[in-house]
Amino acid sequence: MILTTNKDQLSAQIKDWKKNGQRIGFVPTMGALHDGHLSLCETAAKNADKLVMSIFVNPTQFAPHEDLDSYPRTLERDIENLNNQGIIDLVYAPEQADIYPDGADSAIKAGPAAQGLESDFRPHFFDGVVNVVYRLFTQVNPDIAVFGEKDFQQLQVIEEMVADQAMDINIIPGAIIRDDHGLALSSRNAYLTADELETARMLNQIIYSVAHGISEGVDPDEACKNAAEMLLKAGFDKVDYIAYHPTWSRILAAAWLGKTRLIDNCALPEQD
Ligand code: AMP
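Cut-offs applied
Residues numbered from 1 in each chain as written. Predicted model: local features only at pLDDT ≥ 70, side-chain atom pairs only at ≥ 80, totals over all residues. Heavy atoms only, no water. Near = heavy atom within 4 Å. Polar contact = N/O pair within 3.5 Å; in protein donor to acceptor, adjacent residues only side chain to side chain. Areas by Shrake-Rupley, 256 points an atom, 1.4 Å probe, with all protein chains shown as cover. Helix = DSSP H or I, 4+ residues; strand = E, 2+ residues; numbered from the N terminus. Axes fitted to C-alpha atoms, helices over the stretch in contact; angles between N-to-C directions. Parallel < 35°, antiparallel > 145°, perpendicular 65-115°, else oblique. Left-handed = near helix turned anticlockwise from the far one by under 90°. Contact = heavy atoms within 4.5 Å. Nonpolar A, V, L, I, M, F, W, Y, C, P; charged D, E, K, R; others polar. Salt bridge = Lys/Arg side-chain N within 4 Å of Asp/Glu carboxyl O. Phe/Tyr/Trp six-rings, centres within 6.5 Å; stacked < 30°, edge-to-face > 60°. Buried < 20%, exposed > 50% of the residue type's maximum accessible area, 1.4 Å probe, protein only. Patch = residues over 30% accessible without salt bridge, like charges linked within 9 Å, V, L, I, M, F, W, Y side chains within 5 Å. Lys, Arg positive; Asp, Glu negative; His and termini not counted. Charge placed at Lys NZ, Arg CZ, Asp CG, Glu CD. Pairing = 2+ DSSP bridges. 1 Å grid on protein atoms, 1.4 Å probe; cavity = no way out; pocket = protein on both sides within 12 Å on 5 of 7 lines; lining within 4 Å. Points joined across faces, edges and corners; volume = space filled by probe spheres on them. Right-handed = clockwise from strand over helix to strand, strands pointing away.

Observations regarding the site of the ligand
- What surrounds the ligand is a group of 16 residues, the closest being M30, G148, D151, I177 and L185.
- Here D151 contributes a side-chain N or O atom positioned 2.6 Å from an oxygen atom of the ligand.
- For the ligand, a nitrogen atom lies 2.9 Å from a polar atom in the backbone of I177.
- Alone, the ligand offers 490 Å² of accessible surface; in the complex the protein occludes 92% of this.
- Sort the elements by how many residues they give to the shell around the ligand and helix α2 (residues 35-45) lands first, with three residues.

A few points about the packing of helix α8 (residues 194-215) against helix α9 (residues 220-234)
- Taken N-terminus to C-terminus, the directions of α8 and α9 make an angle of 165 degrees; their axes are 10 Å apart at the nearest point. One way to sum up the angle between α8 and α9 is to call them roughly antiparallel. Crossing hand, α8 versus α9: right-handed. Residue-level contacts link T199, M202, L203, I206, V210 and I214 of α8 to P220, A223, C224, A227, M230, L231 and A234 of α9.
- Class assignment of the residues belonging to the contact of α8 with α9 gives a composition of 12 nonpolar, one polar and no charged.

Digging into the pattern of salt bridges
- In the structure shown here, the tally under the stated rule is 11 salt bridges.
- The partner of D89 in a salt bridge is K50, with the nearest N and O atoms 3.9 Å apart. Of this pair, D89 sits in the loop between α3 (75-85) and β4 (90-92) while K50 sits in strand β3 (residues 50-55); the two residues are 39 residues apart in sequence, bridging distant segments of the chain.
- One salt-bridge network, in which partners are shared between bridges, spans E118, K238, D240 and R261.

Structural notes on the packing of aromatic side chains
- All chains considered together, the criterion is met by seven aromatic pairs.
- Ring geometry for F26 versus F137: centroids 6.1 Å apart, planes at 70 degrees, classification edge-to-face. Here F26, found in strand β2 (residues 24-29), pairs with F137, found in helix α6 (residues 125-140); they are 111 residues apart in sequence, far enough to count as distant.
- Assessed through its relative accessible area of 2%, F137 is described here as buried.
- One aromatic cluster in this structure is built from F26, F137 and F147.

Topic: a negative patch on the surface
- Taken together, D219, D221, E222 and E229 make up a surface patch of like negative charges.
- When you line up the elements, E222 lands in helix α9.
- When its relative accessible area of 40% is taken as the criterion, E222 is described as partly exposed.

Details of the sheet that holds strand β1 (residues 2-4)
- Taking strand neighbours across the sheet as the criterion, the six strands line up as β1-β4-β3-β2-β5-β6 in an open arrangement whose pairing is parallel. Pairing within the sheet leaves two strands with one partner each, and these edge strands are β1 and β6 (170-174). When strand polarity is set aside, the average angle formed by the axes of neighbouring strands in this sheet is 25 degrees.
- Where β2 and strand β5 (residues 144-148) come together, two bridges link them in parallel fashion. Within β5, the position partnered with F26 by the bridge is A145.
- On the sheet, α6 packs against β2, β3, β4, β5 and β6 and is oriented at approximately 150 degrees with respect to β2.

Some thoughts on the layout of surface pockets
- Quantified by volume, the second largest pocket comes out at close to 270 Å³.
- Lining the second largest pocket are 16 residues, with I55, F56, V57, R73 and P94 sitting closest to its centre.
- By residue class, the composition of the lining of the second largest pocket is 10 nonpolar, three polar and three charged.

Here's the deal with the pairing of β5
- Most of β5 sits inside the fold, with five of its five residues counted as buried.
- In the sheet, β5 pairs with β6 via five bridges, with the strands oriented parallel. Residue pairing for β6: I144 is matched across the bridge by N170.
- Taken together, β5, helix α7 (residues 152-164) and β6 constitute a β-α-β crossover, and its handedness is right-handed.

Some thoughts on the packing of α6 against α7
- One way to put it is that α6 packs onto α7 with a least axis distance of 10 Å and a crossing angle of 50 degrees. On the basis of their axis angle, the class for α6 and α7 is oblique. In the packing of α6 onto α7, the handedness of the crossing is right-handed. Across from F125, F126, V129, V130, V133, Y134 and F137 in α6, the residues of α7 making contact are Q153, Q154, V157, I158, M161 and V162.

Right under this line is the structure:
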C-alpha cells in the first residue's frame, strides 16, 4: 500500500493506473477508521480495480465552536488497519496546503439537498463538505466513489454536486455498519463515556420504532415528537432533530450526549 501526503505523487500514480485501463475507486474519510469505513472499501473493491482512500480532517466543515481540534487523529493505527485489510492501494493523507493552496474560498456550494436537517444546526457544514470533496475528486479523478448512508443527507448532497458539476463519477452508497447493539459506528463514539454509550444505543432503537410506526400509519409529526421525548427520557441531553423525510422515505436524527453529537437514520420498512 502506498502512503502519500503529496498530490503530485498521487496524480502520477493515478495517471499510471488509468493508462493501464484500471478503474479508480475512492473512499474519502477523516480517519479514525472503524469497520464502517472498512466496509466502504469492500464496496469500492467490487466496483473498481485500484482503490484510493483519503484521510483528511477537513477544517472547512467545522464551525469555530466545534470539535476540529479534538477530532480523533490516529493515522498510524489507521495505516496498520488498512495494511491488515489489504484492500486499499493508496492512502492520500494531504496537508492543508495541498487541498487549500489558495485559501478555502470556493465557488462550489451545496445544493437543495443540503436544506434543513443538518443545515438547520450546522449551517456551514455541507458547503465545507462539498468544498473538500470537489477538490479531492479533482485530485484523485476517480471513476467511482463510495459514501456511507450513515451520513444520508451528505450522500444526497454529494450526488447532487456530481450531477450539477457534470462530473463523470459514479457515487455508490455504503450500508450503515452498526455495533452488536445497533449503534451506528462513528469516529465520534470514541468520545462517549461508558454510561453515554449505553444511552447512545437507544438512538437506533428509537428511530427504528418511529419508522415502523409511520409504516403502520402513525402520523409522522406525532411519531417524531414522541420519539424526541423518548430520547430525552432515555438520557440524551438535547435533540437537534428527529424527522421523517418523505422523499427519501427515511427517519433521520441528530442528538447530543454531553459534548458528543450523534447522527443516525433508517429507511421505512418495505411495504408489500
Ligand atoms: P468520516 O470519516 O466520519 O467523515 O466518514 C467517512 C465516510 O465513512 C463517509 O462516507 C461516512 O458516511 C462513512 N461512514 C461513517 N460511519 C459509517 C458507518 N457506521 N457505516 C458506514 N459508513 C460509515
